[in-house]
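So the chains spell out like this:
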Amino acid sequence: MSGAAGCQGGGGGERGPRWRRPWRLLALGLLSASSVLAAAPGAGAMSKEEKRRLGNQVLEMFDHAYSNYMEHAYPADELMPLTCRGRVRGQEPSRGDVDDALGKFSLTLIDTLDTLVVLNKTKEFEEAVKKVIKDVNLDNDIVVSVFETNIRVLGGLLGGHSVAIMLKEKGEHMQWYNGELLHMAKELGYKLLPAFNTTSGLPYPRVNLKFGVRHPEARTGTETDTCTACAGTLILEFAALSRFTGTSIFEEYARKALDFIWEKRQRSSNLVGVTINIHTGDWVRKDSGVGAGIDSYYEYLLKAYVLLGDDSFLERFNTHYDAIMRYISQPPLLLDVHIHKPMLNARTWMDSLLAFFPGLQVLKGDIRPAIETHEMLYQVIKKHNFLPEAFTTDFRVHWAQHPLRPEFAESTYFLYKATGDPYYLEVGKTLIENLNKYARVPCGFAAMKDVRTGSHEDRMDSFFLAEMFKYLYLLFADKEDMIFDIEDYIFTTEAHLLPLWLSTTNQTISKKNTTTEYTELDDSNFDWTCPNTQILFPNDPMFAQSIREPLKNVVDKSCPRGISRAEESLGSGPKPPLRARDFMASNPEHLEILKKMGVSLIHLKDGRVQLVQHAVQAASSLDAEDGLRFMQEMIELSSQQQKEQQLPPRAVQIVSHPFFGRVVLTAGPAQFGMDLSKHKSGTRGFVVTIKPYNGCSEITNPEAVKEKIALMQRGQCMFAEKARNIQKAGAIGGIVIDDNEGSSSDTAPLFQMAGDGKNTDDITIPMLFLFNKEGNIILDAIREYEAVEVLLSDKAKDRDLEMENMDQKLSENDSHKQNSEEASSASQDVVAVSEEPEGESSDVTDPDSLSPAHADSDSVSISDQDSYTPGTDEASTPEPASMQGDSQPQEQKTETESNSKVNWDNKVQPMESILADWNEDIEAFEMMEKDEL
């Protein structure tokens, strides 16, 4: 998500750099360079040399990601950085909705076009535009997401066109350009229009690029629901396309969709839900927040006003913003509520997409809550290195993935622009260091599969190049570092650049929309014009720091439990009659209270207990609300108890030459032996394969096993028996490798290795479980290098840079003697294979299976946690499921390529030649280490 670039916008004037006419606007909060410097004079400012060094470091990181995409992936949509190849839809295991962004149209290249210009890479931009014009085909028989295709591809083409005509006007570059990107954008726009063929005007969530929606071969058009952001994040790109081309139909369709959502808002709370029926307009999910599913709808209302100058968009945004601050904002938290009962929280966790909201608050001019929420998010990042996809109100990990999202970097940039506080430069420096330390791999940057262990996913989304490097570079760049004025543009939600002069170009639509009924709001902010620092920070350069200071320890110490909004509204009135944590099914008094609240208790045949609420059966409306709250608590309690019974995943990190800690494998824990979470240093040692390989009898090679970490195969006996046998042989740890061919932690839930029903206190060594795919990485490494050293730990540790540097110097002469063909082989690097689970959504828009969002329906049912079975298609990180001995889990079936399995024997490039490909990367790390020292 993105904020606007400047404090000036569509009120009239000429196109291009000559346009400077100011216009009436609310407080955008983005200041000129002179006023930024005045905001925090002398507050420990970062030196110009340090800013330039960090800016250059961002450029080097971008080059590393972009060049590897072009070398190993193009023309595929995205790079798979662990296996150094392109992700082509249909040739990799399906990841569900996540793959709807891929359309075989070189997604990453199109998404990166205007980033190249922001980073002053005009030569590379010119080459990239020629490739897009020559190679990209938009007429593919493939079903894509309307939302993702709009913000990434249509937005990318329009952003590329915007900077192309700017460069052409300057007379130095792109003199040959004749609007080819705009022609492609118009072609794509027409391909998206069939999705709007609904009675409501809300678009279908998906469209076939070749056949549209209702064609027999379209394979789409049966959907009934879409998310609010999916339908409400179109106006900037569609209006820009209309303004650029003079074809009004695109802007008309986008406005109609926005008008419909506005009309369907919940009138008493002025909130909107997460998902809506595209035919009837009924809210399907009635929870409301500022994160996944809604986020960019609010963003585009404000930015539509900035770009198009239509007051109705500002009035709508102000109405929604008042409701957000009244109900959802619980500083420093932003918690989802029910649109019909906004005093009632809908869930007790937050998703990472809400990290864009402080940046939007800066655009609106509401700085204090922006600083508060941003600081809370930064504290979470300092604890986990990255922002987890979701985390609870007491800052525990809820969903552990992190696909290198840019929203926090975006808000950091805009807060620095608004405050001039060098603190935000230090925040940006932390982001750079964490990316290089934990996400950088030889072929790019890999998404984090689990922020707790540091394991990777074979994934580098296009938005990483489109947004992350753009915001980080702008954070450290001075005005003289830019080849154009960024203040002349507004950022879309994908950080694409649209020129503000579009506001006065091809105005074929009446500015004022027909919808009315706006709420009169008492907010003096709405009367502001572009502010100066005297207004934002009342003569106090330490203003931002004074807001941050109380939140410094908010994550480690957790927030003090305040009175909830519901309790606040009740004042000193009666408390809820029964809390979920106190409920006992055998207590007649509790059963009577449940009955009064409309909650029925059903005993199932398998011994489980099910609770169902029917609000109409409650004694009163207040009792029904108490029942709803009880059900929510029960859902949360059930989910939490189930999670507490599980152990988090562990890590197996290969630390020997030539890996040096770069390969991190996700491992399942054991319910016996050493608890690695209590031994922060972990267990480090060389691995050895035991004999017999199943470990079910006395080890016959104890000399080789002594003081080593034993590798063994799963099956034929209990896990505890294997552990006792290798411990007797002198092993310091054990790794059990699944014997189920092709199994992987990507496609099957992790589980704990259970004991044998006896006392296992005699087992003192750590034991971890690897699925077949991850285990083969270690076995293949042993075949290439006899001595392979690993670290067993609760999470990945820092790479051994000292050893890595020493090894490089010692082997420098040897590397020159290597066969030149071997060293220059064009085969792909192999680091670790970690695909994303099938059906997992990077957007986090699917409701969790235990989400309280369901509690707003007439019937809400839950069951005892023992009946819960982890599935591979859940949005949350797969949790371990306890299994014993030779009890095998049913294998998850996915379609994979015949050559997708890692087998270094059939690679053209031997293991040693990977060193040649890593040399440049290692040198870059050395330079960064010197800089840090």
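Nothing here was measured: the structure is a model prediction, and the numbers come from that model.

Reading guide: rules and limits
- Residues numbered from 1 in each chain as written.
- Predicted model: local features only at pLDDT ≥ 70, side-chain atom pairs only at ≥ 80, totals over all residues.
- Heavy atoms only, no water.
- Helix = DSSP H or I, 4+ residues; strand = E, 2+ residues; numbered from the N terminus.
- Buried < 20%, exposed > 50% of the residue type's maximum accessible area, 1.4 Å probe, protein only.
- Polar contact = N/O pair within 3.5 Å; in protein donor to acceptor, adjacent residues only side chain to side chain.
- Salt bridge = Lys/Arg side-chain N within 4 Å of Asp/Glu carboxyl O.
- Phe/Tyr/Trp six-rings, centres within 6.5 Å; stacked < 30°, edge-to-face > 60°.
- Lys NZ or Arg CZ within 6 Å of the ring centre and 35° of its normal.
- Pairing = 2+ DSSP bridges.
- Axes fitted to C-alpha atoms, helices over the stretch in contact; angles between N-to-C directions.
- Parallel < 35°, antiparallel > 145°, perpendicular 65-115°, else oblique.
- Left-handed = near helix turned anticlockwise from the far one by under 90°.
- Contact = heavy atoms within 4.5 Å.
- Nonpolar A, V, L, I, M, F, W, Y, C, P; charged D, E, K, R; others polar.
- Expected span 1.5 Å × (residues − 1).
- Disulfide = S-S within 2.5 Å.

Trainee: Give a description of unusual backbone geometry that names residues and reports values.
Mentor: Most of the time, phi is negative for any residue but glycine, and the peptide bond is trans. Put simply, Pro331 and Pro332 share a cis peptide bond, and its omega is 0 degrees. Residue placement: Pro332 occurs in the loop between β9 (329–330) and β10 (333–334). A cis amide bond links His657 to the next residue, Pro658, at an omega of 5 degrees. Following the sequence through the fold, Pro658 ends up in the loop between β23 (650–654) and β24 (663–667). One non-glycine residue, Ser106, lies in positive phi territory at about 50 degrees. Inspection of the secondary structure assignment puts Ser106 in the loop between β2 (85–87) and α3 (107–118). Residue classification places Ser106 among the buried positions, given a relative accessible area of 4%.

Trainee: Can you break down the side chain of Lys303 residue by residue, with the values?
Mentor: The topology assignment puts Lys303 in helix α10 (residues 295–308). Separated by 3.0 Å, the side chain of Lys303 and the backbone oxygen of Phe491 make a polar contact.

Trainee: Give a description of the pattern of salt bridges that names residues and reports values.
Mentor: Counted by the stated rule, this structure contains 42 salt bridges. Note that Lys191 is salt-bridged to Asp139, the shortest N-O span being 2.8 Å. Of this pair, Lys191 sits in helix α6 (residues 180–192) while Asp139 is found in the loop between α4 (122–135) and β3 (143–145), placing the two residues 52 residues apart along the sequence. Note on Lys191: relative accessible area 14%, which makes it buried.

Trainee: Account for the packing of aromatic side chains, naming residues and giving values.
Mentor: Within the structure shown, the criterion is met by 30 aromatic pairs. For the ring pair Phe317 and Tyr321, a centre distance of 5.6 Å and an interplane angle of 25 degrees mean the geometry is stacked. In this pair, Phe317 and Tyr321 both sit in helix α11 (residues 311–328), four residues apart, roughly one turn of the helix. Tyr321 matches Phe317 in its accessibility class, with the two residues each being buried. An angle of 65 degrees between the planes, with centres 6.1 Å apart, marks the rings of Phe414 and Tyr471 as edge-to-face. Pair noted here: Phe414 is in helix α14 (residues 407–419) and Tyr471 is in helix α16 (residues 462–476), with a separation of 57 residues, a long-range link. Taken together, Phe62, Tyr66, Phe445, Phe464 and Phe469 form an aromatic cluster joined through their ring pairs. Geometry around Trp262 places Arg265 over its ring, the cationic atom sitting 3.8 Å from the centre. In this arrangement the basic side chain of Arg347 is found over the ring face of Trp349, its NZ or CZ atom lying 3.7 Å from the centre.

Trainee: Give me the lowdown on the sheet that holds strand β12 (residues 349–351), citing residues and values where you can.
Mentor: Overall, antiparallel pairing links the three strands, which are arranged β12-β13-β14 in an open sheet. At either margin of the open sheet sits one strand with a lone partner, and together these are β12 and β14 (397–399). Across this sheet, the average inter-strand angle for adjacent strands is 30 degrees, counted without regard to direction.

Trainee: Summarise the sheet that holds strand β7 (residues 283–285); cite the residues concerned and give the values.
Mentor: Across the sheet, three strands lie side by side as β5-β6-β7; this open sheet has antiparallel pairing. At either end of the open sheet lies a strand with only one pairing partner, and these are β5 (225–227) and β7. Each strand of the sheet is rotated relative to its neighbour by a mean of 35 degrees, with strand direction disregarded. As defined by bridge partners, strand β6 (residues 275–277) adjoins β7 across two bridges and the pair is classed as antiparallel. From the neighbouring strand, Ile276 faces β7, where its bridge partner is Trp283.

Trainee: Give a description of the packing of α6 against helix α8 (residues 235–245) that names residues and reports values.
Mentor: Between α6 and α8, the shortest axis-to-axis distance is 11 Å and the interhelical angle comes to 130 degrees. Considering the angle they form, α6 stands oblique to α8. Considering the relative orientation of α6 and α8, their crossing is left-handed. Only Phe238, Leu241, Phe244 and Thr245 of α8 make contact with α6, whose side of the interface consists of Leu182, Ala185, Lys186, Gly189 and Leu192. In the contact of α6 with α8, the residues fall into six nonpolar, two polar and one charged.

Trainee: Tell me about α14, residues and numbers included.
Mentor: If you check α14, its first and last C-alpha atoms are 18 Å apart, about what 13 residues at 1.5 Å a residue would give, namely 18 Å. Counted residue by residue, α14 has 13 buried out of 13 residues, so it is predominantly covered. Directly beyond the C-terminal end of α14, a positive phi value near 65 degrees is found at Gly420.

Trainee: Just give me the short version of the state of the cysteines, but keep the residues and values in it.
Mentor: Taken as a whole and judged by the stated rule, the model has three disulfides. Here Cys227 connects covalently by a disulfide to Cys230, the sulfurs 2.0 Å from one another. Residues Cys227 and Cys230 are joined through a disulfide that is right-handed, its torsion about the S-S bond being 90 degrees. Given the relative accessible area of 8%, Cys227 is considered buried.

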